Amino acid sequence: MIRQSKRQMKTVIDRMRRKLRHCCYSSRWQLLASTQLAQGITYQEYKSRSLIANRLHVIAVDLSSSEWELDLLIGQNKTVSETLKDFTPSAVAGINGSLFHLDTQEALFPIIKGETIDNINYINTTNKANYVYEPLAIMKTTQGEVKIGRYELYLELPELALSMPFYSKTNHQPRLYRSKKEWLQNKQVGDAVYLLFQQKHEFSELQTAVSFEYKGRVTCNSKNMKEEMLFLNGQCILAVPAHYMKRLNQLTQGQDYKGYVALENEFSNTSLAFLLTSGPLLVKNNQPALTMTKKSKRQTAKAPRSAFGLSADGQIAYFVVLDGRQPLYSRGMTLTSFAKTLKQIGISDAINLDGGGSSTLVSKRSDQSYQALNRPSNKQERPVHNVLAIKKPSKKRS
């Protein structure tokens, strides 16, 4: 009887604690400013009510209107403000995009824009501590529909009747290495065949709007490769598992080849305007859905964060930046806390963008110049590889 009473009391206390946590969380943000940047576009700034200082910046845009569209801008080695100014003066706002190499300014993961693929790089699908360990992306069709979802890429070599998925849940998958450093750090024991290709790929959109032609020349294979030959004259390595060896060894040095990069995604055969790989997923169906291990140091660090989100009907897009690494102004958050915040402000689906010093939210001022709405942790905007922008459409949707 006493044990039962204690259990009941513990249950009641646990319920009260959960309610208290919910009440504290739901009232933890104070709205400081709300501004209409343009018709259908609003900006809001929030301040944390807790003892730990944090500042949150949110831009919401109505995509159902024919006045605005979401676009992806590749402004390599330019800040968000510079990219908006140089590429599309009609832009009203922008946010830093996906992850990139700070030293080379190259994208870390695949980006498709129109008829070109900026990068086909492998995603380590066995390491859930990575920001991107599965192929997730922001995708937009040429009709203006936007989704956050999963995709698959395959390298197809018709002459060899070979189709190789770039991503799987094992180490047995093809990989493209574009630098010696990348190859030395990530090469796998299971990589049995190395084929060196010319790095400047030629992509052209085929009749099916989700397949890209790939042309190149084999410059070396596993039979005659020496390490000092790697990455000369802008070459890259295709490394494949052992079970592909027999057929791939039919490709000889100097042989021209033609392949295809086939894309499968949630839009089926609809033509894509762009695809931006990023991660991890933060919110799905209005519930936190972090697609990386919660013990990862990347997740547990309290840092500046950026995210792209959508409403349940996909008609409202959100650019969200949380400032960080400025203790008296804004400390930053773990990804888990950030995901909960995105859910709280009503975002149904959200994906993480590059954070840290890259986290930047920009809008156009009345004098037509661009300014950061947040305070980047580096005290100034960092040059980034790509930018998501809200701009006037080149052609108005009917």
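See the structure shown above.
First things first, this report covers the structure right here in the doc. The model shown is predicted, which means the values in this text are computed figures rather than measured ones. (Residues numbered from 1 in each chain as written. Predicted model: local features only at pLDDT ≥ 70, side-chain atom pairs only at ≥ 80, totals over all residues. Heavy atoms only, no water.)

Another point: the overall build of the chain. Each helix and strand in the chain was counted, giving 6 helices and 24 strands. Across the 398 residues in the chain, those meeting the buried criterion constitute 52%. Here the contacts in the chain between residues at least 6 apart in sequence split such that 71% fall between residues at least 24 apart. Here the chain displays about 19,200 Å² of accessible surface, and carbon together with sulfur accounts for 49% of that area. (Helix = DSSP H or I, 4+ residues; strand = E, 2+ residues; numbered from the N terminus. Buried < 20%, exposed > 50% of the residue type's maximum accessible area, 1.4 Å probe, protein only. Contact = heavy atoms within 4.5 Å. Areas by Shrake-Rupley, 256 points an atom, 1.4 Å probe, with all protein chains shown as cover.)

To continue, consider helix 6 (residues 335-344). Looking at helix 6, one finds that the buried residues are Leu-335, Phe-338, Ala-339, Thr-341 and Leu-342. One side of helix 6 carries all its buried residues, which in axial view fall inside an arc of 160°. Looking one or two residues beyond helix 6, the residue adopting positive phi is Gly-346, at roughly 95°. (Arc of directions from axis to C-beta.)

The next thing to look at is the sheet that holds strand 1 (residues 29-38). Strand order across the open sheet formed by 8 strands is 1-2-3-20-19-21-17-18, with antiparallel pairing between neighbours. Whereas interior strands pair on both sides, the edge strands pair on one side only; in this sheet they are strand 1 and strand 18 (287-288). For strand 3 (residues 55-62) and strand 20 (residues 316-322), the ladder comprises 7 bridges, and the chain directions are antiparallel. If you follow Val-61 over to strand 20, its bridge partner there is Ala-317. Strands in contact with helix 6 are strand 1, strand 3, strand 17 (281-284), strand 18, strand 19 (305-310), strand 20 and strand 21 (349-352); relative to strand 17, the strand with the most contacts, it is inclined by about 30°. (Pairing = 2+ DSSP bridges. Axes fitted to C-alpha atoms, helices over the stretch in contact; angles between N-to-C directions.)

Moving on, we come to the environment of Leu-157. Mapped onto the elements, Leu-157 comes out in strand 9 (residues 146-157). Note on Leu-157: relative accessible area 5%, which makes it buried. C-alpha separation for the pair Leu-157 and Leu-248, spaced 91 residues apart in sequence, amounts to 9.4 Å.

A full pass over the atoms with the stated rule returns 1 aromatic pair. The ring centre of Tyr-329 lies 4.0 Å from the NZ or CZ of Arg-375, which sits over that ring. (Phe/Tyr/Trp six-rings, centres within 6.5 Å; stacked < 30°, edge-to-face > 60°. Lys NZ or Arg CZ within 6 Å of the ring centre and 35° of its normal.)

We now examine the pairing of strand 22 (residues 361-364). Across 3 bridges, strand 5 (residues 91-96) lies against strand 22 in antiparallel orientation. Its bridge partner being in strand 22, Ile-95 is matched across the sheet by Leu-361. Pairing geometry for strand 22 and strand 23 (residues 370-372), over 3 bridges, is antiparallel. Its bridge partner lying in strand 23, Val-362 is registered against Ala-372.

Counted by the stated rule, this structure contains 10 salt bridges. Among the salt bridges present, the one from Lys-392 reaches Glu-67, with a minimum N-O distance of 3.0 Å. Of the two residues, Lys-392 is situated in the segment after strand 24 (384-391) and Glu-67 in the loop between strand 3 and strand 4 (69-78); the sequence distance between them amounts to 325 residues. Note on Glu-67: relative accessible area 28%, which makes it partly exposed. Each member of the salt-bridge network shares a partner with another, and the members are Glu-69, Asp-71, Lys-113, Lys-140 and Lys-391. (Salt bridge = Lys/Arg side-chain N within 4 Å of Asp/Glu carboxyl O.)

Within the fold, Arg-305 resides in strand 19. For the buried Arg-305, no salt bridge exists, and the shortest N-O distance to an oppositely charged side chain is 8.5 Å, to Asp-354. At 2.9 Å, the side chain of Arg-305 forms a polar contact with the backbone oxygen of Met-333. Other than its neighbours up to four places away in sequence, Arg-305 contacts Tyr-131, Arg-298, Gln-299, Val-320, Val-321, Leu-322, Met-333, Thr-334, Leu-335, Phe-338 and Ser-359. (Lys, Arg positive; Asp, Glu negative; His and termini not counted. Polar contact = N/O pair within 3.5 Å; in protein donor to acceptor, adjacent residues only side chain to side chain.)

This paragraph deals with the sheet that holds strand 4. Pairing within the open sheet is antiparallel, and its 5 strands lie in the order 4-24-5-22-23. The strands lining the two open edges of the sheet, one partner per strand, are strand 4 and strand 23. Adjacent strand axes in the sheet meet at a mean angle of 25°, parallel and antiparallel pairs treated alike. Sheet analysis places strand 4 next to strand 24, joined by 7 bridges and oriented antiparallel. Across the sheet, residue Glu-69 finds its bridge partner in strand 24, namely Lys-391. Taken strand by strand, helix 2 (residues 80-87) contacts strand 4, strand 5, strand 22, strand 23 and strand 24, and its axis lies near 115° from that of strand 4.

With that settled, consider helix 2. The periodicity of an α-helix, 3.6 residues per turn, causes residues three or four places apart in sequence to face the same way. Every buried residue of helix 2 is accounted for by Val-80, Ser-81, Thr-83 and Leu-84. What you see down the axis of helix 2 is that its buried residues fit within an arc of 165°, all on one side. The inward-facing, buried residues of helix 2 contact strand 4, strand 5, strand 22, strand 23 and strand 24.

This part covers the environment of Arg-382. Inspection of the secondary structure puts Arg-382 in the loop between strand 23 and strand 24. The spatial distance from the C-alpha of Arg-382 to the C-alpha of Lys-78 is 7.8 Å, given a sequence separation of 304 residues. With residues up to four places along the chain from it excluded, the contact list for Arg-382 reads Lys-78, Thr-79, Phe-100, Leu-102, Gly-355, Gly-357 and Ser-358.

With that settled, the discussion passes to the side chain of Thr-79. Relative to the helices and strands, Thr-79 is located in the loop between strand 4 and helix 2. What Thr-79 contacts, discounting residues up to four positions off in sequence, is Glu-381, Arg-382 and Pro-383.

We now examine the environment of Arg-331. Tracing the sequence through the fold places Arg-331 in the loop between strand 20 and helix 6. When the C-alpha atoms of Arg-331 and Pro-304 are compared, they prove to be 7.8 Å apart, with 27 residues separating the residues in sequence. The contact partners of Arg-331, leaving out residues within four places of it in the chain, are Ile-52, Ala-53, Asn-54, Lys-302, Ala-303, Asp-323, Gly-324, Arg-325 and Gln-326.

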